[in-house]
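Observations on chain architecture
What follows is the residue order along each chain.
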Amino acid sequence: MAPAAKAPPTPPPMRLATPVPPVTPWTRRREDLERIVVMLRAGLPVDRAFDDVAAFFGDGADPAEDDIPVLLERFRGTGEVPGHLAALVDAVTERQSGEPEVRARLIARANDALKSPAPSDGMTRLGHLRRLALAAQDLLELLLPDDEEATSCPV
């Protein structure tokens, strides 16, 4: 029988020469954090919706012809999976975000865009995508308004 191998000695704990400063919070308001947690739990595709709105409006150029069907599907959804716009409408309705009149108008506009059939020709399809993206952008702004009290996320 071979003798048991000894475990190597535990190294001493590492100590930093310069203390690490505390990380400043990216928001100081508890209600902002609670709103974000609710959206994350609901599976709201906020990041992806922001990315797709930015892809459409970001550089001022229209999306490539090949990207239009993909973006349409993301905003409209499929039979099994709701798109960005339906998820945003649900979140705005549930959270009662914004003024009631503004909220009702934006939800109605988003629902109208979702109910209209997706066109098949290029320019009409691009216009429909623009309607969906504008509705999503307005709902995102209603859900996540700019707030002077919140600070930016540290990088």
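First things first, this report covers the structure right here in the doc.

Glancing now at the overall build of the protein chain. Across its full length, the protein chain holds six helices and zero strands. In sequence order, the protein chain lays out its α and β elements as α-α-α-α-α-α. Buried residues in the protein chain amount to 28% of all 155 residues. Within the protein chain, counting contacts between residues at least 6 apart in sequence, those at least 24 apart form 75% of the total. Carbon and sulfur atoms make up 57% of the accessible area of the protein chain, which totals about 11,000 Å².

In contact at an axis separation of 10 Å, helix H4 (residues 84-95) and helix H5 (residues 100-115) are set at 155° when each is read in the N-to-C sense. Classified by the angle between their axes, H4 and H5 sit roughly antiparallel to one another. Note that H4 runs across H5; the crossing there is left-handed. On the side of H4, the interface is formed by Leu85, Ala86, Val89, Val92 and Thr93, while H5 contributes Arg103, Ile107, Ala110, Asn111 and Leu114.

Our focus in this paragraph is the nonpolar core. Nonpolar side chains in soluble globular proteins tend to be buried together. Among the nonpolar cores identified, the biggest contains 28 residues, and Phe75, Leu85, Leu88, Leu129, Leu132 and Leu139 are the most heavily contacted of them. Within the residue set of this core, elements represented by two or more residues are helix H2 (46-57), helix H3 (67-76), H4, H5 and helix H6 (122-143). The leading source of residues in this core is H6, at 10 residues.

A few words on the side chain of Asp52. One can find Asp52 in helix H2. On the basis of relative accessibility, which here comes to 4%, the residue Asp52 falls in the buried class. Of the polar contacts made by the side chain of Asp52, one reaches the side chain of His84; its length is 2.6 Å. Residues in contact with Asp52, not counting those within four places in the same chain, are Leu71, Arg74, Phe75 and His84.

Thresholds, definitions, all that
Residues numbered from 1 in each chain as written. Predicted model: local features only at pLDDT ≥ 70, side-chain atom pairs only at ≥ 80, totals over all residues. Heavy atoms only, no water. Helix = DSSP H or I, 4+ residues; strand = E, 2+ residues; numbered from the N terminus. Buried < 20%, exposed > 50% of the residue type's maximum accessible area, 1.4 Å probe, protein only. Contact = heavy atoms within 4.5 Å. Areas by Shrake-Rupley, 256 points an atom, 1.4 Å probe, with all protein chains shown as cover. Axes fitted to C-alpha atoms, helices over the stretch in contact; angles between N-to-C directions. Parallel < 35°, antiparallel > 145°, perpendicular 65-115°, else oblique. Left-handed = near helix turned anticlockwise from the far one by under 90°. Core = buried A, V, L, I, M, F, W, Y, C linked by side-chain atoms within 4.5 Å. Polar contact = N/O pair within 3.5 Å; in protein donor to acceptor, adjacent residues only side chain to side chain.

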